[in-house]
Amino acid sequence: MDWIQQSLYGTQWVSLGEIERRSPESAEVIERVCRQHKLKQPKLGLIPDQNPTTFTYGSLPNNARIVVSEGLFTYLEDEEVATVYAHELGHVIHWDFAVMTLASTLLQLLYLLYVYVRDRGSSEGRNRRGGKNLAFLALVAYLFYVAGSYLVLYLSRVREYFADYFAAETTGNPNALARALVKIALGIVQEGEREQDEETRRRSTRLLEGMRALGIYDAKAAGTVGTAYRLASDPSQVGRVFLWDLFNPWAWWMELNSTHPLTGKRVRALATYAEQLDLPVEFDMASVVAQGKQLNRQQLYGSFLLDMLLLNAEWLGAILGMGLGIPALQAGSYGMFAGLALAGASLGLLLKMPVMYPSLENPPALTVLKALSNPYTSPLRGLPMQLQGRVIGRGNPGYRLGADLKFQDETGMMFLRYASRFGPLGNFLFGARQAAGLIGKEGTVVGWFRRGVAPYLDLSRFQSRYGEVVTSHPPFGQAVQVALGLLGALLLMAFSPF
């Protein structure tokens, strides 16, 4: 891991004195915590990157490494940096970084067992009893692997709450950590908008993606909070974007697949700690909760179950098709079984298309902040909208052929997802030939906004101020999938002996 740190991120190992020069309070916290807990001082790393981030790794508390980036000292005040170091020391004191390493290792062993038994079962043959038993054992191993994956994600989220509490208790300053979380999001957003050479962008992308699970903050969630904090003259205004985190049922569902708790929930917990310490609260989460109680519950929850089914309609359709095809499978008609499953998946996809892509006739002109502050948005139901602004870069700065883009208006940044009529090949050609030429151009984008851990816009059209038009076709691609799926299903069933 040390070698990876130095080769990929240029990590430099520094003394406590170097940290003290940049943040005196951080050095004091490190010394005090290590003395109180009889802990050997962790090895301290510094990454020459302006994206603010920090993480801890190691196998035992006495050989832990705490690594921070230069951006942490750029965007955070001294007391805020100190709470971040206290947070990372919390991971060391609680041993959770070692627990996560062990849990991840056991998870990988389960996956290796599944692969081994699956391959062994295939070689034994499905018609023999031994082969069938091995196939069943492979299925059980895979189910345990899936369940274990969600358990590891849950552990990853819970450990962040414990580390936040440790930092608040150790420093007596939960407000500083709440500010630090929000400022880290701001720093990630601003660094993403800066004009940088390709190598710097690629290195920063590697850092944020590679250390996503270990970092103090999920970089994919930065856009929402960072945008709000940059615009807020009063910190309490940032709470508008936390309404979705705290009250939208989709937030709970999206968080299941996240390595970190949603920011709104962490800030609310830190606000509670501040109240317990009789401190004034930095972010007025009480008013956010009061606003949340006034939201339209019918609009939030009324169609959630149906939307959940629609979001997974192709998988549910495939399962239903396989259920209907069991008699055919028992009769040895594998083509009929596969055809019914494929037809079910295709019809499920067809069913959810109108919900995902409503009409774009006269879409409302919104801003990035206004879209992010809407507590009723979801990953399924696309919100038609248009934005005025400028294309500032590729969605993935480290990938020169990527088709996705980043768009900025006066209030913040939004990721644009491009979809060609010709599928992945068309996306590749657009990324190779046209995407770079759009960077820096001002104009209007129209599409469907979706909210998840990382919000984005399914692009339909971009028109530059000089009349250049680029079109994207997300519904067309799904329509092609439906047509090809149904055609394939009909052919399989037509030529099936059953």
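Here the structure is a predicted model, which is why all the values come from computation and not from measurement.

A.B. asks: Go over the sheet that holds strand E3 (residues 54–57) with me, naming the residues and quoting the values.
C.D. replies: The strand order E1-E2-E4-E3 describes an open sheet built from four strands, whose pairing is mixed. Each end of this open sheet is capped by a strand with a single partner; those strands are strand E1 (12–14) and E3. Each adjacent strand pair in this sheet contributes to an overall mean axis angle of 30°, direction not counted. Of the pairings in the sheet, the one linking E1 to strand E2 (residues 43–47) comprises three bridges and is antiparallel in character. Within E2, the residue paired with Trp13 across the bridge is Gly45.

A.B. asks: Give me the lowdown on the confidence of the model for the protein chain, citing residues and values where you can.
C.D. replies: Residues of the protein chain with pLDDT of at least 70 account for 92%, and the chain-wide mean is 86. Considering each helix and strand of the protein chain separately, the mean pLDDT is smallest for helix H9 (residues 198–210), with a value of 69, and largest for strand E8 (residues 442–450), with 96.

A.B. asks: Tell me what's going on with the packing of aromatic side chains, and back it up with residues and numbers.
C.D. replies: In this structure the tally under the stated criterion is seven aromatic pairs. Seen from their ring centres, Tyr142 and Tyr145 are 6.1 Å apart, and the 40° between their planes marks the pair as tilted. Of this pair, Tyr142 and Tyr145 both sit in helix H7 (residues 129–171), three residues apart, which is roughly one turn of the helix. Relative to Trp253, the ring of Trp252 has its centre 6.1 Å away and its plane inclined at 50°; by these criteria the two rings are tilted. Residue class for Trp253 comes out partly exposed when judged on its relative accessible area of 27%. The ring of Tyr357 has Arg450 lying over it, and the distance from NZ or CZ to the ring centre is 5.1 Å.

A.B. asks: Please give an account of the packing of helix H3 (residues 24–36) against helix H5 (residues 78–93) that cites residues and values.
C.D. replies: At their nearest, the axes of H3 and H5 sit 7 Å apart, and the two run at 25° to each other. With respect to H5, the element H3 is oriented roughly parallel. By crossing handedness, the relation of H3 to H5 is classed as right-handed. The segment H3 lies against H5, with Pro24, Glu25, Ser26, Val29, Ile30 and Val33 engaging Asp78, Glu79, Val81, Ala82, Tyr85, Ala86, Leu89 and Ile93. Across the contact of H3 with H5, the residue classes break down as ten nonpolar, one polar and three charged.

A.B. asks: So what's going on with helix H14 (residues 285–293)? Residues and values would help.
C.D. replies: Inspection of H14 places Met285, Val288 and Gly292 among the buried residues, and these make up the whole buried set. Buried residues in H14, looked at end-on, bunch into an arc of 50°, giving them a common side. On the buried face of H14, the contacting elements are helix H11 (242–247), helix H13 (263–276) and helix H15 (297–301).

A.B. asks: Describe in detail the nonpolar core, supporting the description with residues and values.
C.D. replies: Core analysis: the largest hydrophobic core is formed by 62 residues, its most contacted members being Leu44, Leu76, Tyr85, Tyr217, Phe242, Phe283 and Met285. It is helix H8 (residues 174–193) that contributes the most residues to this core, ten residues altogether. Look past the residues within four positions of Met285 in its chain and what remains in contact with it is Phe242, Leu246, Gly264, Val267, Arg268 and Ala271.

Rules behind the numbers
- Residues numbered from 1 in each chain as written.
- Predicted model: local features only at pLDDT ≥ 70, side-chain atom pairs only at ≥ 80, totals over all residues.
- Heavy atoms only, no water.
- Pairing = 2+ DSSP bridges.
- Helix = DSSP H or I, 4+ residues; strand = E, 2+ residues; numbered from the N terminus.
- Axes fitted to C-alpha atoms, helices over the stretch in contact; angles between N-to-C directions.
- pLDDT = per-residue confidence, 0-100.
- Phe/Tyr/Trp six-rings, centres within 6.5 Å; stacked < 30°, edge-to-face > 60°.
- Buried < 20%, exposed > 50% of the residue type's maximum accessible area, 1.4 Å probe, protein only.
- Lys NZ or Arg CZ within 6 Å of the ring centre and 35° of its normal.
- Parallel < 35°, antiparallel > 145°, perpendicular 65-115°, else oblique.
- Left-handed = near helix turned anticlockwise from the far one by under 90°.
- Contact = heavy atoms within 4.5 Å.
- Nonpolar A, V, L, I, M, F, W, Y, C, P; charged D, E, K, R; others polar.
- Arc of directions from axis to C-beta.
- Core = buried A, V, L, I, M, F, W, Y, C linked by side-chain atoms within 4.5 Å.

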